[in-house]
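Fold and contact review
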Amino acid sequence: MPGSRWAFWKHAEASEFGVTRYVPNLVEQIKVFYLARGVRRFAVAGNVLRFTRGSVLGSLFSPLAAHRRQRFEIRIEDTGQGRTVRVRCEFLGIFPLLARESFQLEVQELEGFI
């Protein structure tokens, strides 16, 4: 994920889980999951989904993780194990207070949704 001049304020986190290759419309399911959570600047390029949420002001003044400036990148990768693909979720946010817990919870919710 691209960095910025404010790198010392940023927190990066990554998580992944495996799903069966035969899940229909996996990219579309991930898109529906995140669009329901108020993301912006959603882009899909093949098996990569990118989007943002929150704002810099939310990062400074809101205690809620969803209001903090965040960038996400989700990749669907072949594992080379036949029936399984890996969903890799990467997160980059400002001021990581509680960011790790909320990111991990959201990835778990995504896995349950799929």
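Being a predicted model, the structure only gives us computed values, none of them experimental.

Some details on the side chain of Arg53
On the secondary structure map, Arg53 appears in strand β3 (residues 48–53). A polar atom in the side chain of Arg53 sits 2.9 Å from the side chain of Glu106.

Focus: the nonpolar core
Core analysis: the largest hydrophobic core is formed by 21 residues, its most contacted members being Leu26, Ile30, Tyr34, Ile74, Val87, Cys89 and Leu110. Of all elements in the fold, only β1 (10–20), α1 (26–35), β3, β4 (70–78), β5 (84–94) and α3 (99–113) reach the threshold of two or more residues within this core. Of all the elements, α1 adds the most residues to this core, at 5 residues. Ignoring any residue separated from it by four or fewer positions in sequence, one finds Ile74 in contact with Ile30, Tyr34, Asn47, Val48, Leu49, Phe51, Val87, Arg88, Cys89 and Leu110.

Structural notes on the environment of Glu90
Along the chain, Glu90 turns up in strand β5. Assessed through its relative accessible area of 18%, Glu90 is described here as buried. Along the sequence, Glu90 and Arg71 sit 19 residues apart, while their C-alpha atoms lie 8.2 Å from each other. For Glu90, the side chain forms a polar contact with the side chain of Arg88, separated by 3.1 Å.

What about unusual backbone geometry?
The backbone phi angle of Asn25 is positive, close to 50°, even though this residue is not glycine. Assignment of secondary structure puts Asn25 in the loop between β1 and α1. You can call Asn25 exposed: its relative accessible area is 59%.

What to know about the packing of aromatic side chains
A full pass over the atoms with the stated rule returns 7 aromatic pairs. Aromatic side chains Phe33 and Tyr34 sit 4.9 Å apart centroid to centroid with 85° between the ring planes, which places their arrangement in the edge-to-face category. A centroid spacing of 4.6 Å and a plane angle of 40° characterise the contact between Tyr34 and Phe51, whose relative ring orientation is tilted. Of the two residues, Tyr34 is situated in helix α1 and Phe51 in strand β3; the sequence distance between them amounts to 17 residues. For Phe51, a relative accessible area of 2% corresponds to the buried category. Put simply, the rings of Phe33, Tyr34, Phe42, Phe51, Phe72, Phe91 and Phe113 touch in pairs and so form one group of aromatic residues. One residue, Arg37, lies across the ring of Phe33, its end atom 3.6 Å from the ring centre.

Definitions and cut-offs
- Residue indices begin from 1 for each chain and proceed along its sequence in written order.
- Under the rules for a predicted model, residues below a pLDDT of 70 receive no local features and side-chain atom pairs below 80 are neither given nor counted, while totals for whole chains, interfaces and linings still include all residues.
- The side-chain values count all of the structure's non-hydrogen atoms but skip hydrogen atoms and water molecules.
- For helices the rule is a DSSP run of H or I covering at least 4 residues; for strands it is a run of E covering at least 2, with both sets numbered from the N terminus onward.
- Counted as a polar contact is a pair of N or O atoms within 3.5 Å, where, for protein atoms, one must be capable of donating a hydrogen and the other of accepting one, and residues adjacent in sequence contribute only when both atoms are in side chains.
- For our purposes a nonpolar core is just a set of buried Ala, Val, Leu, Ile, Met, Phe, Trp, Tyr and Cys residues, chained together by side-chain atoms within 4.5 Å.
- Only protein chains enter the area calculation, which uses a 1.4 Å probe; residues under 20% of their type maximum are buried, those over 50% are exposed, and those in between are partly exposed.
- Should any heavy atoms of two residues lie within 4.5 Å, those residues are considered in contact.
- Ring pairs are drawn from Phe, Tyr and Trp, using the six-membered ring of Trp, whenever the two centres fall within 6.5 Å, and their geometry is named by plane angle: stacked under 30 degrees, edge-to-face over 60, tilted for the rest.
- Whether a charge lies above a ring is judged from NZ of Lys or CZ of Arg, which has to be within 6 Å of the ring centre and within 35 degrees of the ring normal.

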